[in-house]
Amino acid sequence: MASNAEKPVILWFRKDLRLDDNQALNAAHVSARPIIALYINEPRAAGTGPLGAAQAWWLHHSLDALGKSLRSRQGRLVLVSGEALDVLRAVIRESGADAVFWNRRYDPSGLSIDVRIEHELEKQEIQTRSFGGELLHEPSRLMSGKGAPYRVYAPFWRALERAGEPGPPLDAPASLRLESRLPTSERLESWKLLPAKPDWAKEFADVWMPGEQGAQVRLGTFIEDALNGYKENRDYPAKPATSMLSPHLAFGEISPARIWDATRGLAERVPRADIVHFRKEIAWREFSYHLLFHFPKLASENWNGRFDGFEWHNSGEDFEAWRRGKTGYPIVDAGMRQLWRHGWMHNRVRMIVASFLVKDLMIDWRSGEAWFRDTLVDADPANNAAGWQWVAGSGADASPFFRIFNPVLQGETFDPEGDYVRTYVPELRALEAKYIHRPFEAPKRVLEEAGIVLGETYPKPIVDHAGARNRALAAYKAISNGG
DNA sequence: GCCAATTTGCC
DNA sequence: GCAAATTGG
């Protein structure tokens, strides 16, 4: 019989698919006990939040990468499907483990599962230990002077600055003591996370390398090539000027503390404003989790209840045109097609397509949020909901409803040459820059020369923006005070 | 009387 | 953030 100290500890991987800066892993390592690395394919109905199809693709490759990384350390990742508590009990029985370590998750559904597991396992005298690291700070830590959670970003950011630098990230342990007698694992392929034919994700791999190594490479190239000038360039979707770390963060392949740390000590070669601006984006993720933690309804209900009375138009036909990128507004269509093709959309364009859905088409933000959740590789329960509510005007510290993007002007401002549009809307490729964002105003001859027949090769606008804007403002007036 | 630049209302 | 109203040369 193995002595108590020899009993293995289960390291339960969730949305923290990394070895770097992994506090639970580090604690297991320091305990000197053999480690069982486990990933549980939890049923979506259990409240872990539905995993979109694009993220299923990502998860497959990320688990594959983590498995390889553990194999190179003479270990293996154990894969089991089922309710987390049932699986943990079975693995404990099979392995003789008497402790489970994990890094905390902060979405309300995941959190409630974990609280129950903690309680149940303690009852059978199994030690549970949870750790931070998915966020820079615990959501309960940054509170206003009155002890209330922040509802406005600016003071939240100031509090984050006041909190000082987060603790330094932990390096991955150089060696790991991995349990050699492992419980039965399922085969990753049997989870069928990859799309069946037709393979709509075939172009994802042109852009992405899921897994911890891909995250490190992305961080390195971003800091080397794009951090300098980030503040200015980040708004231009045709430029490779954003970090594209979001899916890696969403799966915990890299920690925010690691990213934060990597932007230190660059003052010699990168302007301070660029570093601060990038860090503020990381802080927006932090703020979204802060909000979701303290106001769980953010995920599915209007944070500002006034919007419950908003009269949405919710046309199925309009929604379909938006999803397929056939609205007749090139910048909107380019964004929606980038989303479909690469599972990601540039942040500036996300705001434009979201404004268009909610305000021009008057479709409930929840429809857009659900579509993003299914198609984005970086779909994040906090960021996605908070972002949509921000654009819709229903969120905490939201953009005012009357801030309605003009898709033509936004396109002309942020994609002046039309390069972004041409990349994703090939039927407009030959159109000159002057009309690339307003093909419906191009003279007949210009369209002919570009080989475009409006209504056939490229749609006419499904709504008139100026009219749609007035309609939206009128609908908003109806739910405003005294309206 | 024109047009570009600036200000204001939207709330 | 947009667009209408106003200003000023």
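Please read these numbers as outputs of a predicted model, since none were measured by experiment.

Parameters and conventions
- Residues numbered from 1 in each chain as written.
- Chains lettered and ligands numbered in written order.
- Predicted model: local features only at pLDDT ≥ 70, side-chain atom pairs only at ≥ 80, totals over all residues.
- Heavy atoms only, no water.
- Helix = DSSP H or I, 4+ residues; strand = E, 2+ residues; numbered from the N terminus.
- Expected span 1.5 Å × (residues − 1).
- Buried < 20%, exposed > 50% of the residue type's maximum accessible area, 1.4 Å probe, protein only.
- Arc of directions from axis to C-beta.
- Domains from an automatic or database assignment.
- Contact = heavy atoms within 4.5 Å.
- Buried area = accessible area lost by both parts, 1.4 Å probe.
- Near = heavy atom within 4 Å.
- Polar contact = N/O pair within 3.5 Å; in protein donor to acceptor, adjacent residues only side chain to side chain.
- Nonpolar A, V, L, I, M, F, W, Y, C, P; charged D, E, K, R; others polar.
- Core = buried A, V, L, I, M, F, W, Y, C linked by side-chain atoms within 4.5 Å.
- 1 Å grid on protein atoms, 1.4 Å probe; cavity = no way out; pocket = protein on both sides within 12 Å on 5 of 7 lines; lining within 4 Å.
- Points joined across faces, edges and corners; volume = space filled by probe spheres on them.
- Salt bridge = Lys/Arg side-chain N within 4 Å of Asp/Glu carboxyl O.
- Pairing = 2+ DSSP bridges.
- Axes fitted to C-alpha atoms, helices over the stretch in contact; angles between N-to-C directions.
- Parallel < 35°, antiparallel > 145°, perpendicular 65-115°, else oblique.
- Left-handed = near helix turned anticlockwise from the far one by under 90°.

Taking 1.5 Å of rise per residue, 14 residues should cover 20 Å, and helix 7 (residues 212-225) covers 20 Å from first to last C-alpha, within 8% of that figure. Here helix 7 has its buried residues at Glu-212, Gly-214, Ala-215, Arg-218, Leu-219, Phe-222 and Ile-223. The buried residues of helix 7 occupy an angular sector of 160° when the element is viewed end-on, so they sit on one face. For helix 7, the exposed residues set more than 90 degrees away from the buried face come down to Gln-213, Glu-224 and Asp-225.

Moving on to the domain arrangement of chain A. When its domains are assigned, chain A resolves into domain 1 (9-134), domain 2 (135-168 + 213-294) and domain 3 (305-480). In this structure, domain 1 and domain 2 have C-alpha centres spaced 25 Å apart. Listed as interface residues are 18 residues of domain 1 and, on the opposing side, 19 residues of domain 2. Three residues stand out in domain 1 for area buried against domain 2, namely Trp-58, Tyr-106 and Glu-134, and they jointly supply 39% of the buried area on that side.

To continue, consider the protein's contact with DNA strand C. Around DNA strand C, the structure places Phe-402, Arg-403, Ile-404, Phe-405, Asn-406, Leu-409, Gln-410, His-465 and Arg-469. Backbone atoms, meaning sugar and phosphate, form 80% of the atoms of DNA strand C found within 4 Å of the protein. Within the side chain of Asn-406, a nitrogen or oxygen atom sits 3.1 Å from a phosphate oxygen of DNA strand C. Here a phosphate oxygen of DNA strand C sits 3.1 Å away from a polar atom, N or O, in the side chain of Gln-410. Those elements that provide at least two residues to the surface near DNA strand C are helix 17 (407-414) and helix 21 (465-479). Of the residues in the surface near DNA strand C, the class split is 4 nonpolar, 3 polar and 2 charged.

A few words on helix 4 (residues 108-123). Three or four residues apart is the spacing at which side chains of an α-helix point the same way, because the helix has 3.6 residues per turn. Along its 16 residues, helix 4 runs 23 Å from first to last C-alpha, staying within 8% of the 22 Å computed at 1.5 Å per residue. Contacts from the buried residues of helix 4 go to strand 1 (9-13), helix 3 (84-95), strand 4 (99-103) and strand 5 (127-131). After helix 4 finishes, the residue Glu-125 shows a positive phi value of roughly 60°.

Turning our attention to the environment of Gly-145. The topology assignment puts Gly-145 in the loop between strand 5 and helix 5 (153-162). Put simply, Gly-145 and Phe-319 are 174 residues apart on the chain and 44 Å apart in space, counted from C-alpha to C-alpha.

Attention now moves to the nonpolar core. Grouped together as the largest cluster of nonpolar side chains are 53 residues, with contacts concentrated most on Phe-310, Trp-322, Val-332, Phe-372 and Leu-431. When residues in this core are grouped by element, the largest group, 7 residues, is from helix 14 (residues 347-360). Dropping the residues within four chain positions of it, Val-332 is found in contact with Trp-322, Thr-327, Ile-352, Val-353, Phe-356 and Pro-407. Ranked by size, the runner-up nonpolar core spans 39 residues in total, among them Ile-223, Ala-226, Ile-275 and Ala-396.

Take empty space enclosed by the protein next. Following the criterion strictly, the structure yields 2 cavities of 30 Å³ or more and no others. Put simply, the largest cavity is a space of about 50 Å³. Leu-135, His-137, Glu-138, Pro-139, Leu-142, Phe-156, Glu-286, Tyr-289 and His-290 are the residues that line the largest cavity. Among the elements that line the lining of the largest cavity, the one with the most residues is helix 11 (residues 272-294), at 3 residues.

This part covers the pattern of salt bridges. This structure, assessed with the given rule, holds 30 salt bridges. Two residues, Asp-114 and Arg-105, come together in a salt bridge whose shortest N-O distance is 2.9 Å. A relative accessible area of 12% means that Arg-105 is categorised as buried. Taken together, the salt bridges that share partners define one network made up of Arg-14, Glu-42, Arg-105 and Asp-114.

Our focus in this paragraph is unusual backbone geometry. Trans peptide bonds make up the majority, and among non-glycine residues the majority have a negative phi. With a phi close to 45°, Asn-314 is a non-glycine residue in the positive phi region. Topologically, Asn-314 is positioned in the loop between helix 11 and helix 12 (316-324). Residue classification places Asn-314 among the partly exposed positions, given a relative accessible area of 41%. You will see that Met-362, though not glycine, has its phi angle at about 50°, which is positive. Position of Met-362 among the secondary structure elements: in the loop between helix 14 and helix 15 (365-375).

Across the sheet, which stays open at both edges, the 5 strands sit in the order 3-2-1-4-5 with parallel pairing between neighbours. One side of each edge strand has no neighbouring strand; the edge strands of this open sheet are strand 3 (77-81) and strand 5. The mean inter-strand angle of the sheet, taken between neighbouring strand axes irrespective of direction, is 25°. Bridge count for strand 1 against strand 2 (residues 35-41) is 5 bridges, and the pairing is parallel. Bridge pairing links Val-9 to Ile-35 in strand 2.

Another aspect to go through is the packing of helix 14 against helix 16 (residues 381-392). The N-to-C vectors of helix 14 and helix 16 enclose an angle of 60°; their axes lie 9 Å apart at closest approach. Viewed along their axes, helix 14 and helix 16 adopt a mutual orientation that is oblique. Viewed along their axes, helix 14 and helix 16 form a crossing whose handedness is right-handed. Residues Met-351, Ala-354, Ser-355, Leu-357, Val-358 and Lys-359 of helix 14 form the contact with helix 16, whose own contacting residues are Trp-388, Trp-390, Val-391 and Ala-392.

This next bit is on the layout of surface pockets. Of the pockets and cavities examined, the largest pocket occupies roughly 1,200 Å³. Lining the largest pocket are 47 residues, and of these Arg-234, Glu-281, Trp-284, Asn-347 and Asn-383 lie nearest its centre. Listing elements by their share of the lining of the largest pocket, those giving two or more residues are helix 5, helix 9 (246-250), helix 11, helix 14 and helix 16. In terms of residue count, the dominant contributor to the lining of the largest pocket is helix 11 (10 residues). When grouped by side-chain class, the residues that make up the lining of the largest pocket number 26 nonpolar, 12 polar and 9 charged.

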